[in-house]
Amino acid sequence: MKILCVCGLGQGTSLILRINVETVLRELGVQADVDNTDVSSASSENPDFIITSNELAQSLEGHSSKIIIVNNYFDMNEIKTALKSNL
């Protein structure tokens, strides 16, 4: 399974989200290849899931990947809930 964490520039915020997603996946016992990138690059990639904010999700409408919305990239409970309901 491939998961892409997306923010506006693909550096700081998406990296934090990636680390937190990897932590939650370990806790859930789920194996996945998790990467991070910017919203423009994400539109040309084909992961199974894209995790991003509500604002950026609108830019990715129509993408073939399942989009998971997480508004607080630091909230481990929000990330866990979002992942559990979509994986």
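Up top you'll find the structure we're talking about.
Chemist: Sorry if this is basic, but what is going on with the environment of Ser-64 here?
Modeler: Inspection of the secondary structure puts Ser-64 in the loop between α3 (54–59) and β4 (66–69). Classification of Ser-64 as exposed rests on a relative accessible area of 63%. Within polar-contact distance, the side chain of Ser-64 engages the side chain of Asn-46 at 3.4 Å.

Chemist: Sorry, what's going on with the nonpolar core here?
Modeler: The nonpolar side chains of a soluble globular protein tend to be buried with one another. In this structure, Leu-17, Val-21, Ile-51, Ile-68, Val-70, Ile-79 and Leu-83 are the most contacted members of the largest nonpolar core, which totals 15 residues. Looking at this core, the elements with two or more residues in it are β1 (2–7), α1 (12–28), β3 (49–52) and α4 (76–86). Here this core gets four residues from one element, more than from any other, and that element is α1. When sequence neighbours within four positions are dropped, the list of residues in contact with Ile-68 reads Phe-49, Ile-50, Ile-51, Thr-52, Ala-82, Leu-83 and Asn-86. Counting seven residues, the second-largest nonpolar core is a separate cluster that includes Val-6, Ile-50, Leu-56 and Leu-60.

Chemist: Explanation requested: α1 in the structure shown.
Modeler: An α-helical turn contains 3.6 residues, so any two residues separated by three or four positions project in the same direction. Here α1 contains 17 residues, and its C-alpha end-to-end distance of 25 Å stays within 8% of the 24 Å for a straight helix at 1.5 Å per residue. Regarding α1, the residues found buried are Ser-14, Leu-17, Asn-20, Val-21, Val-24 and Leu-25. Taken end-on, α1 shows its buried residues confined to a sector of 140 degrees, consistent with a single buried face. Of the exposed residues in α1, those oriented more than 90 degrees away from the buried face are Arg-26 and Glu-27. Just downstream of α1, Gly-29 is the residue with a positive phi angle, here 75 degrees.

Chemist: Even after reading the chapter, I still don't get the sheet that holds β4, so can you show me in this structure?
Modeler: Read across the open sheet, the four strands follow the order β2-β1-β3-β4; overall the sheet is parallel. On the outer flanks of this sheet lie β2 (33–38) and β4, each paired with one strand and no other. Each adjacent strand pair in this sheet contributes to an overall mean axis angle of 25 degrees, direction not counted. Pairing of β1 with β3, which is carried by three bridges, proceeds in the parallel orientation. The partner of Leu-4 across the bridge, within β3, is Ile-50. Here α4 sits on the sheet and contacts β3 and β4; the angle it forms with β4, its principal contact strand, is near 155 degrees.

Chemist: Looking at this structure, I do not really get the pattern of salt bridges. What am I missing?
Modeler: For the coordinates displayed, the defined rule picks out five salt bridges. Linking Lys-2 and Asp-35 is a salt bridge whose minimum nitrogen-to-oxygen distance equals 3.9 Å. With a gap of 33 residues between them, Lys-2 in strand β1 and Asp-35 in strand β2 connect regions that are remote in the sequence. Its salt-bridge partner being Glu-27, residue Lys-80 comes within 3.0 Å of it at the nearest N-O pair. Taken together, the residues Lys-80 in helix α4 and Glu-27 in helix α1 connect sequence positions 53 residues apart. One salt-bridge network, held together by shared partners, links Lys-2, Arg-18, Glu-22, Asp-33 and Asp-35.

Reading guide: rules and limits
Residues numbered from 1 in each chain as written. Predicted model: local features only at pLDDT ≥ 70, side-chain atom pairs only at ≥ 80, totals over all residues. Heavy atoms only, no water. Helix = DSSP H or I, 4+ residues; strand = E, 2+ residues; numbered from the N terminus. Buried < 20%, exposed > 50% of the residue type's maximum accessible area, 1.4 Å probe, protein only. Polar contact = N/O pair within 3.5 Å; in protein donor to acceptor, adjacent residues only side chain to side chain. Core = buried A, V, L, I, M, F, W, Y, C linked by side-chain atoms within 4.5 Å. Contact = heavy atoms within 4.5 Å. Expected span 1.5 Å × (residues − 1). Arc of directions from axis to C-beta. Pairing = 2+ DSSP bridges. Axes fitted to C-alpha atoms, helices over the stretch in contact; angles between N-to-C directions. Salt bridge = Lys/Arg side-chain N within 4 Å of Asp/Glu carboxyl O.

So far we have only geometry, and geometry alone does not tell us how the molecule works.
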